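Residues per chain are reported as follows:
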Amino acid sequence: MRIPIREVTPQLERATIAGWVHEERDLGGLAFFLIRDRTGIMQVTVPKKKVPEDVLIAIKEVSRESVVRVSGIIKATEKAPGGRELVPESFEILAKAASPLPLDVAEKVPAEIDTRLDARFLDVRRPRIAAIFSIRSRMMEATNSFLFREGFLQITTPKVVAAATEGGTELFPIAYFEKEAFLSQSPQLYKQMMMAAGCEKVFEIGPIFRAEEHNTIRHLNEATSIDVEVSFADHTDVMVLLEKLIHEIYSSVAENCTAELELLGIPDLQVPEKTLPRLPYEEAILIAAKKSEEPIAYGDDLGTASERAIGEEMGTHYFITEWPTSIRPYYAMPSAADPSICNAFDLMHPKMELSSGAQRCHVYDLLVEQIRSKGLSPEGFEFYLKPFQYGMPPHAGWGLGAERLVMTMCNLQNIREAVLFPRDRHRVTP
Ligand code: ATP
Ligand code: AMO
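Residues numbered from 1 in each chain as written. Chains lettered and ligands numbered in written order. Predicted model: local features only at pLDDT ≥ 70, side-chain atom pairs only at ≥ 80, totals over all residues.

## So, the sheet that holds strand 5 (residues 84-95)
In any sheet, the strands associate via hydrogen bonds between backbone groups, in a parallel or an antiparallel arrangement.
Line of reasoning, step 1. Reading around the barrel, the 5 strands line up as 1-2-3-5-4 and close back on themselves, with mixed pairing between neighbours. On average, each strand axis in the sheet is inclined to that of its neighbour by 50 degrees, with strand direction left out of account.
Line of reasoning, step 2. Both strand 1 (residues 14-26) and strand 4 (residues 67-76) contribute to a ladder of 7 bridges, which runs antiparallel. The residue bridging Ala 15 from the neighbouring strand is Gly 72, located in strand 4.
Line of reasoning, step 3. Relative to strand 5, helix 1 (residues 53-61) is tilted by about 70 degrees, and along the sheet it contacts strand 2 (30-37), strand 3 (40-47) and strand 5. (Pairing = 2+ DSSP bridges. Helix = DSSP H or I, 4+ residues; strand = E, 2+ residues; numbered from the N terminus. Axes fitted to C-alpha atoms, helices over the stretch in contact; angles between N-to-C directions. Contact = placed C-beta atoms within 7 Å.)

Structure representation (structure tokens):
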């Protein structure tokens, strides 16, 4: 039986390991191999005069990134990583790798993001890249466990849909028999309908599809959204839920992913405070107008430069609250005190938006009016509107972009780094 490389200690007498040939070096009488599995890297030292003939044949044949199984004697040595080396009695090639490699896994030759994504299976063999996905996995685990603990029901909603939720221009039409259909931009309408179904607290982690035309470092055409919806709650309640979740995710990664964070060069990950600042939109605009070159006035959406300027001023995660009703979707609830403002919010990382949410408009007549006032037709929303006529509780929720969370937490320069197989304007394979 092979054992994980991390578990090979100098105290062991013999061991069998299996993995990929990370590096090879031949010094004549001595040859060195670094063998890598997902738990670590270890040195195999081959004194050519002392090993069986089969071993000599195999090491001549083997190439970098081939899969091998090696058995032999463990020796303590300060010269090898982990303070031990393996002197082989057997060296089997399980799968030989062709050369040259499309990508240098040992990272001696730097590669552009496109080359890396084209050979993603090799890219993810790099411990630093694998660390990103290990952190992402931990993040998802923390999210699931937090939401289940909070009493949420996990749901799955359709990704083939008949209507836009977030505005008509970013839709991907698909061929669906004789009907008009699209890929879903957000579970928005369905998670709201589940409030009418009496489920009270639901969440979904699933793909969203947005036909964003341009290539940016923070937009994907297929992203992962963490969505929640809560009955008998308003925007302030779900903002508290969101800041608790962010705190919990960061704490879990800081506690369980120390080796991964080290590899990514962020050994002391800063966990955001449990309570984050609330910045009213009006004040955010004033900061942006003062600090950024981008022209901006009350009633404008925040552009990239404005987001940056405000983020620099805040220096931490924060909420933007009290948005003008005119620039938020129809499903946001206008404020009772001043209907020109609505109960919507965004959660911001200093560098970009992470989440949008709101108390929803649960009043049928008002919702129909808001759909009309956005220039949309209520007829297109019949299936969504019906539940609002038969007992829809007040409710609120948010959507949190998983890739943006990974990107900002791991300090990645491009959102594509946070997805195994990203979809953008130019990429549908691999
Ligand atoms: P949301 O769509 O939920 O508001 P977001 O962070 O994508 O989230 P946007 O409103 O789409 O926010 O974008 C905010 C700013 O980012 C825009 O004002 C614009 O400056 C920039 N931006 C957004 N999408 C693009 C794009 N496809 N290409 C270039 N810049 C973009
Ligand atoms: P919104 O459109 O703001 O809100 O999306 C929520 C969050 O999802 C992420 N996101 C994206 N990430 C990468 N690439 C994209 N193209 C992309 N689009 C969105 C962002 C964003 O903050 N229905 C509402 C949510 C709600 O109110 O519950 C919605 O979809 O992190």
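## A word on the site of ligand 2
Line of reasoning, step 1. Near ligand 2 there are 23 residues, and of these Ser 186, Ala 223, Ser 356, Gly 399 and Gly 401 occur at the shortest range.
Line of reasoning, step 2. By residue number, the principal contributor to the shell around ligand 2 is strand 17 (residues 352-359), which donates 6 residues.
Line of reasoning, step 3. Grouping the amino acids of the shell around ligand 2 by side-chain chemistry returns 5 nonpolar, 11 polar and 7 charged. (Near = placed C-beta within 6 Å. Nonpolar A, V, L, I, M, F, W, Y, C, P; charged D, E, K, R; others polar.)

## Focus: the UniProt feature "binding site: Mg(2+) 3" (unreviewed entry) in the protein chain
Line of reasoning, step 1. With numbering aligned to this structure, UniProt lists the feature "binding site: Mg(2+) 3" (unreviewed entry) at Glu 353.
Line of reasoning, step 2. Relative to the helices and strands, Glu 353 is located in strand 17.
Line of reasoning, step 3. Leaving out residues up to four positions away in the same chain, Glu 353 has contacts with Glu 307, Asp 346 and Met 348. (UniProt positions renumbered as here; feature names shortened; annotations may be inferred.)

## A look at the site of ligand 1
Line of reasoning, step 1. Near ligand 1 the following residues occur: Glu 212, Glu 213, His 214, Thr 216, His 219, Asp 301, Gly 303, Thr 304, Glu 353 and Ser 356.
Line of reasoning, step 2. In the shell around ligand 1, the residues fall into no nonpolar, 6 polar and 4 charged.

## Overview of unusual backbone geometry
Line of reasoning, step 1. Geometrically, the link from Ser 99 to Pro 100 is a cis peptide bond, its omega value of 5 degrees lying close to zero.
Line of reasoning, step 2. Position of Pro 100 among the secondary structure elements: in the loop between strand 5 and helix 2 (113-118).
Line of reasoning, step 3. With an omega dihedral of -10 degrees, the bond running from Thr 429 to Pro 430 counts as a cis peptide bond.
Line of reasoning, step 4. Here Pro 430 lies in the segment after helix 12 (402-409).
Line of reasoning, step 5. For Glu 107, which is not glycine, the phi torsion reads 65 degrees and is therefore positive.
Line of reasoning, step 6. Position of Glu 107 relative to the elements: it lies in the loop between strand 5 and helix 2.
Line of reasoning, step 7. Classification of Glu 107 by C-beta neighbours within 10 Å gives partly exposed; the count is 13. (Buried ≥ 20, exposed ≤ 12 C-beta atoms within 10 Å, placed from the backbone.)

## Some remarks on the nonpolar core
Line of reasoning, step 1. Val 238, Leu 242, Ala 284, Phe 319 and Val 406 are the most contacted members of the largest nonpolar core, which has 74 residues in total.
Line of reasoning, step 2. Examining the composition of this core, we find that 8 residues originate from one element, helix 6 (residues 235-256), more than from any other.
Line of reasoning, step 3. Each residue touching Leu 242, except ones within four places of it in the same chain, is listed here: Leu 347, Ser 355, Gly 357 and Trp 398.
Line of reasoning, step 4. Counting residues in hydrophobic clusters, the runner-up holds 19 residues, among them Ala 15, Trp 20, Phe 33 and Val 44. (Core = buried A, V, L, I, M, F, W, Y, C linked by C-beta atoms within 7 Å.)

## Examining the UniProt feature "binding site: ATP" (unreviewed entry) in the protein chain
Line of reasoning, step 1. The positions that UniProt labels "binding site: ATP" (unreviewed entry) are, in the present scheme, Arg 210, Ala 211, Glu 212, Arg 218, His 219, Leu 220, Glu 353, Gly 401, Ala 402, Glu 403 and Arg 404.
Line of reasoning, step 2. Residue placement: Glu 212 occurs in the loop between strand 10 (201-209) and strand 11 (222-231).
Line of reasoning, step 3. Using a count of 16 C-beta atoms within 10 Å as the deciding quantity, one classes Glu 212 as partly exposed.
Line of reasoning, step 4. Non-local contacts of Glu 212, meaning those with residues more than four positions away in its chain, are made with Glu 170, His 219 and Asn 221.
Line of reasoning, step 5. Residue classification places Leu 220 among the buried positions, given that 23 C-beta atoms sit within 10 Å.

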